[in-house]
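# Residue-level structure breakdown
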Amino acid sequence: MKPRPVTTVEEYEKCVMGVDRGVITLLQLGADSCVRCPGFRSKVERLVTRYQFEWLYCDAHDADTDLPEHFNVSQLPAFVCKGPGRHP
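Residues numbered from 1 in each chain as written. Predicted model: local features only at pLDDT ≥ 70, side-chain atom pairs only at ≥ 80, totals over all residues. Heavy atoms only, no water.

### Considerations on the environment of Ser33
Residue position: Ser33 is located in the loop between strand E2 (24-30) and helix H2 (37-50). Between the alpha carbons of Ser33 and His61 there is a distance of 8.8 Å; along the sequence they are 28 residues apart. Within the structure, the side chain of Ser33 is placed 3.4 Å from the side chain of His61, a separation counted as a polar contact. (Helix = DSSP H or I, 4+ residues; strand = E, 2+ residues; numbered from the N terminus. Polar contact = N/O pair within 3.5 Å; in protein donor to acceptor, adjacent residues only side chain to side chain.)

### Details of the environment of Val6
The residue Val6 is located in the loop between strand E1 (4-5) and helix H1 (9-18) in this model. Take Val6: its relative accessible area is 3%, and that puts it in the buried class. Residues Val6 and Thr65, spaced 59 residues apart in sequence, show a C-alpha to C-alpha distance of 8.4 Å. Each residue touching Val6, except ones within four places of it in the same chain, is listed here: Glu11, Tyr12, Cys15, Leu27, Leu56, Tyr57, Cys58 and Leu67. (Buried < 20%, exposed > 50% of the residue type's maximum accessible area, 1.4 Å probe, protein only. Contact = heavy atoms within 4.5 Å.)

### Some points on the pairing of E2
If a strand is regular, its side chains alternate between the two faces of the sheet. Burial runs high along E2: six of the seven residues are buried. The pairing of E2 with strand E3 (residues 53-59) spans seven bridges and is parallel. The residue bridging Thr25 from the neighbouring strand is Glu54, located in E3. As paired elements, E2 and strand E4 (residues 78-82) share five bridges and run antiparallel to each other. Looking at the pairing, Leu27 lines up with Val80 of E4. (Pairing = 2+ DSSP bridges.)

Have a look at this one:
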């Protein structure tokens, strides 16, 4: 399974609102230049086959993204996990 790409806070919020309220949403923030990101991604790929959650991905180095700033990300890889009934 591949993650759903998101770039903006607006896209992220729409995805979160569209997910069943009982399902966790995991937003992964990474970049092609991040040396630790492939290992993190492979672990998430394994988790998504065992557990039910919505997997989103943001290229943190994309010039059009506002998600890293919105979530105060200063180091990659990073993730934001929204549990049922919670807002990060």
